[in-house]
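For reference, the chains in residue letters:
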Amino acid sequence: MSESIHDGIAPAGARDCPNCGRERPESFCPQCGQSDRYYARSLGSVVVEFLREMFELDSRLFRTLKLLLFRPGSLTREFSRNRRVSFVSPVRLYIFASFAFFLLLSLFRDFGEMVVMGVTEEDREVALPRPPTEEGLAAFRAALPPEQRRKVDDILGRSEDDLGRQAVLFVASAGDFEERSWIERFGLLGMIDMFHDPSVIPRRLIANMPIAMFCLLPFLGLVLAAFHFRKKRFYVEHLVFAIHVQTFTFCIYAVALLLPDSGPAGWLRVGCLLIPYPYFVIALRRYYENGWILTVAKSVGAYMLYSLVLIPAFVISVFVTG
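All values derive from a computational prediction rather than experimental measurement.

A. Molecular detail of the overall build of the chain. Of the regular secondary structure elements, the chain holds 14 helices and zero strands. Beginning at the N terminus, the succession of helices and strands in the chain can be written as α-α-α-α-α-α-α-α-α-α-α-α-α-α. Classification of the 322 residues of the chain by burial places 37% in the buried group. Considering only contacts within the chain whose residues lie at least 6 apart along the sequence, 62% involve residues at least 24 apart. Within the structure as shown, the chain displays about 19500 Å² of accessible surface, and the carbon and sulfur contribution to it stands at 64%.

Here you go:
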């Protein structure tokens, strides 16, 4: 069999589908949909085939990126016209772009340099409330899980002016840990993690934000549907628009990560960070076909509503173990 197969294609005359046994007049079986590709061949050709199919490294990818990057809203418009075969599917494109962005973010982020923003030396010297008694501190430690108790002991062993040590003493003096609500306990345990090792913040953001942002896409689609209910579009069309806009954001932010901070490239980097909003406005204008004033007003409203959910998602992602 392997000698009669060329480039993974079934040999001439093998017109019966090996999967269902029906006659296969074309490249795909009309009964079960299986193609005429054979994978019982050399490893090199199989790997090339896998990469091509996995990442759509053909004309569809370049055609898709051309519309996504340079014609905001046009890719979603092609989807609504049911012109799908010529382009990479929205979900696959989103997953690939988000994976590339968060991979670059994890590679370029220096976890060893974590600065507590907005905290000055004067802030550190502010007088604290009465410190907890030894009995109160012991009760606070006993109520913690073993791992958190170990981290608290490490924090308490630091110098007296350490911000983390002051925060732990303040929390310990504020009352019984077990009597607090589950939300307070959840936040407190996350706070202990962050004061013990501040680099946990970017690590957890990178670990959890891809899932959080993917889960928020349906909400953004719902916001777009609410603002454009007169357009009589299906919800899935609004959802695909949200996926394409978010995919562009990942792509342009990935480019920003590759640019240096200083010089002319630094200004280009700033431009990459700012461009998602005007892109969003132009995409709204082209896809929903409203006037510019109404489009800008709806874009501001959509951004505000989305931010009301996105910002808490960022905060929660820091406290969720990742």
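Read on, since the account is not over.
B. Inspection of the pattern of salt bridges at higher detail. One pass over the full model with this rule turns up three salt bridges. When the shortest N-O distance is used, the salt bridge between arginine 81 and glutamate 78 registers 3.4 Å. Taking the shortest distance from any N to any O, the salt bridge between glutamate 237 and arginine 233 comes out at 3.2 Å. According to the relative accessible area criterion, glutamate 237 is buried, its value standing at 10%. One continuous salt-bridge network, built from bridges that share partners, spans Glu78, Arg81 and Arg83.

C. Structural detail: the packing of helix H11 (residues 235–258) against helix H13 (residues 276–288). Interaxial distance between H11 and H13 falls to 11 Å at its minimum, and their mutual angle equals 150°. Here H13 runs roughly antiparallel to H11, going by the angle between their axes. The way H11 lies across H13 gives a crossing that is right-handed. Where H11 abuts H13, its residues Glu237, His238, Phe241, Val245, Phe248, Thr249, Ile252 and Tyr253 lie against Pro276, Tyr279, Phe280, Ala283, Leu284, Tyr287 and Tyr288. Residues of the contact of H11 with H13, tallied by class, amount to twelve nonpolar, two polar and one charged.

D. Focus on unusual backbone geometry. For asparagine 82, which is not a glycine, the phi torsion comes out positive at approximately 65°. With respect to the helices and strands, the residue asparagine 82 is situated in the loop between helix H3 (74–80) and helix H4 (90–108).

E. Structural context of the packing of aromatic side chains. In this structure the tally under the stated criterion is 13 aromatic pairs. An aromatic cluster of three or more residues is present, and its members are Tyr94, Phe101, Phe102, Phe214, Phe250 and Tyr253. Cation over ring: arginine 233 sits above tyrosine 287, and NZ or CZ is 4.1 Å from the ring centre.

F. Expanded view of the confidence of the model for the chain. Chain-level pLDDT for the chain is 76 on average; 68% of the residues reach the 70-or-more range. Between the elements of the chain, mean pLDDT differs from a low of 48, seen in helix H5 (residues 121–124), to a high of 95, seen in H13. Across residues 1–8, where pLDDT falls below 50, the model places eleven contacts with residues more than four positions away in sequence or in other chains. Counted against residues more than four places away or in other chains, residues 110–121, with its pLDDT under 50, gives 14 contacts.

G. Focus on a nonpolar patch on the surface. Judged by side-chain polarity, Ile282, Trp292, Val296, Val300 and Met304 come together as a nonpolar surface patch covering roughly 450 Å² of accessible area. It is helix H14 (residues 292–319) that provides the largest number of residues to the nonpolar patch, a total of four residues. Mapped onto the secondary structure, isoleucine 282 falls in helix H13.

H. Focus on H11. The end-to-end C-alpha separation of H11 is 35 Å, in line with the 34 Å expected for 24 residues at 1.5 Å each. Counting buried residues in H11 gives 17 out of 24 residues, a clear majority hidden from the surface.

Rules and cut-offs
Residues numbered from 1 in each chain as written. Predicted model: local features only at pLDDT ≥ 70, side-chain atom pairs only at ≥ 80, totals over all residues. Heavy atoms only, no water. Helix = DSSP H or I, 4+ residues; strand = E, 2+ residues; numbered from the N terminus. Buried < 20%, exposed > 50% of the residue type's maximum accessible area, 1.4 Å probe, protein only. Contact = heavy atoms within 4.5 Å. Areas by Shrake-Rupley, 256 points an atom, 1.4 Å probe, with all protein chains shown as cover. Salt bridge = Lys/Arg side-chain N within 4 Å of Asp/Glu carboxyl O. Axes fitted to C-alpha atoms, helices over the stretch in contact; angles between N-to-C directions. Parallel < 35°, antiparallel > 145°, perpendicular 65-115°, else oblique. Left-handed = near helix turned anticlockwise from the far one by under 90°. Nonpolar A, V, L, I, M, F, W, Y, C, P; charged D, E, K, R; others polar. Phe/Tyr/Trp six-rings, centres within 6.5 Å; stacked < 30°, edge-to-face > 60°. Lys NZ or Arg CZ within 6 Å of the ring centre and 35° of its normal. pLDDT = per-residue confidence, 0-100. Patch = residues over 30% accessible without salt bridge, like charges linked within 9 Å, V, L, I, M, F, W, Y side chains within 5 Å. Expected span 1.5 Å × (residues − 1).

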